[in-house]
Amino acid sequence: MSAKDQIQKEKVPHHVAVIMDGNGRWASLMGKPRVFGHQNGVQSVREVVEGAGEIGVEYLTLYAFSTENWKRPAYEVNALMTLLVQTIRKEIKSLVENNVKLLSIGDVSKLPSKSRKALEEAQKATAENKGLTVILALNYSAKWDITRATAKVAELAQKGELEPKEINEDTFRSFLSTADFPDVELMIRTSGEKRISNFLLWELAYAELSFCAKYWPEFRKEDFFKAIVEFQNRERRFGLTGEQLKTLSG
Ligand code: IPE
Ligand code: IPE
Ligand code: MG
């Protein structure tokens, strides 16, 4: 039986986040430059977006470029930015046809103007779509986002527009760039690395983590579905005991 057939429709996670990792190592294995890996990673993005749409995931956040990735060699950073523009331009039509809404999180003001423009166009073209929402994390890091949210909270408090006693998890959350999305339920990282790398620290607080040994360019829809099945077979206790959960669901 394929992994897709094992998916329970009523237990599909609302929000899945993916750290698309291993492009460079995959390319090295092929005897090619790292950029070849990034280019081949685009097909994996298509597969995961399609797969998520097919099973009814509502939000899919893809870590495409971290604030730390600027430290890579300039030619690799440039190649990634060019690939971003090309990919977005090429995919707009299919995003629209498939009712996919494209959004981004991260400080996109620091991206080259061409990348920003392509992103803005795609966001505009897909703004009315009501199906899957794909959120590209670009020049994103969780520490950046949390620090930025804290500064906004402090500014409002200073102006007397927010009382310190009004600050709770919900109000704080509303200042994060992910305020409009539910917390992540499943986080997938490819390439065998088992770390968060400054991705969605707040939003992953209670996410299930799934690590796949495959490099990102090898990751296919079936691998995505396998991670969903794995997620559905976990017992999510949220601090309760297994016994309490049985009583609640019974
Ligand atoms: C992920 O693959 C893509 C980005 C971080 C942009 P990597 O480029 O990190 O590939 P590895 O991890 O070095 O193999
Ligand atoms: C995380 O991957 C960032 C993206 C996938 C965009 P990295 O390859 O940059 O992470 P580290 O440096 O191995 O932790
Ligand atoms: Mg990496």
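Not measured: the values here are computed from a predicted model.

Observations concerning the side chain of Ser115
Point 1. For Ser115, the position within the fold is in helix 5 (residues 113–126).
Point 2. Once residues within four sequence positions are removed from consideration, Ser115 is found in contact with Met81, Leu84 and Val85.

Details of the pairing of strand 6 (residues 208–211)
Point 1. Only one face of strand 6 is covered, namely the face carrying Glu208 and Ser210; the face carrying Leu209 and Phe211 is uncovered.
Point 2. Bridge analysis of strand 5 (residues 186–189) against strand 6 gives four bridges, and the strand direction is parallel. Residue Met187 lies in a different strand from strand 6, and its bridge partner there is Leu209.

Things to note about the site of ligand 1
Point 1. Close to ligand 1 lie Met20, Asp21, Gly22, Asn23, Gly24, Arg25, Arg34, His38, Ala64, Asn69, Arg72 and Leu80, which account for all nearby residues.
Point 2. Contacts to ligand 1 include Gly24, whose backbone N or O atom sits 2.9 Å from an oxygen atom.
Point 3. In isolation ligand 1 offers 370 Å² of accessible surface; the protein chains occlude 87% of this area.
Point 4. At a threshold of 2 Å from the grid points, most atoms of ligand 1 map onto the largest pocket.
Point 5. At three residues, helix 2 (residues 23–29) tops the list of elements feeding residues into the shell around ligand 1.
Point 6. Classifying every residue of the shell around ligand 1 gives three nonpolar, five polar and four charged.

Things to note about the site of ligand 2
Point 1. Residues in contact with ligand 2, as listed here, are Ile19, Met20, Asp21, Tyr63, Ala64, Phe65, Asn69, Arg72, Arg189, Arg195 and Ser197.
Point 2. One of the side-chain N or O atoms of Asp21 is found 3.2 Å from an oxygen atom in ligand 2.
Point 3. Between ligand 2 and Arg72, the relevant distance is 3.3 Å, taken from an oxygen atom to a side-chain nitrogen or oxygen of the residue.
Point 4. Across the complex, the protein chains shield 77% of the 390 Å² of accessible surface that ligand 2 would expose by itself.
Point 5. When atom positions are compared with the pocket grids, ligand 2 is found to occupy the largest pocket.
Point 6. Examining the composition of the shell around ligand 2, we find that three residues originate from one element, strand 2 (residues 59–66), more than from any other.

Some words on the nonpolar core
Point 1. Within the largest apolar cluster, 43 residues are counted, with the highest numbers of intra-cluster contacts made by Val16, Leu60, Val134, Leu136 and Phe224.
Point 2. When contributions to this core are tallied by element, the ones reaching two or more residues are strand 1 (15–19), helix 3 (34–55), strand 2, helix 4 (74–97), helix 5, strand 4 (133–140), strand 5 and helix 8 (221–232).
Point 3. Ala137, Leu200, Leu204 and Ala207 belong to the second-largest nonpolar core, a separate cluster that totals 16 residues.

The rules behind the values
- Residues numbered from 1 in each chain as written.
- Chains lettered and ligands numbered in written order.
- Predicted model: local features only at pLDDT ≥ 70, side-chain atom pairs only at ≥ 80, totals over all residues.
- Heavy atoms only, no water.
- Helix = DSSP H or I, 4+ residues; strand = E, 2+ residues; numbered from the N terminus.
- Contact = heavy atoms within 4.5 Å.
- Buried < 20%, exposed > 50% of the residue type's maximum accessible area, 1.4 Å probe, protein only.
- Pairing = 2+ DSSP bridges.
- Near = heavy atom within 4 Å.
- Polar contact = N/O pair within 3.5 Å; in protein donor to acceptor, adjacent residues only side chain to side chain.
- Areas by Shrake-Rupley, 256 points an atom, 1.4 Å probe, with all protein chains shown as cover.
- 1 Å grid on protein atoms, 1.4 Å probe; cavity = no way out; pocket = protein on both sides within 12 Å on 5 of 7 lines; lining within 4 Å.
- Sits in = over half its atoms within 2 Å of the grid points.
- Nonpolar A, V, L, I, M, F, W, Y, C, P; charged D, E, K, R; others polar.
- Core = buried A, V, L, I, M, F, W, Y, C linked by side-chain atoms within 4.5 Å.

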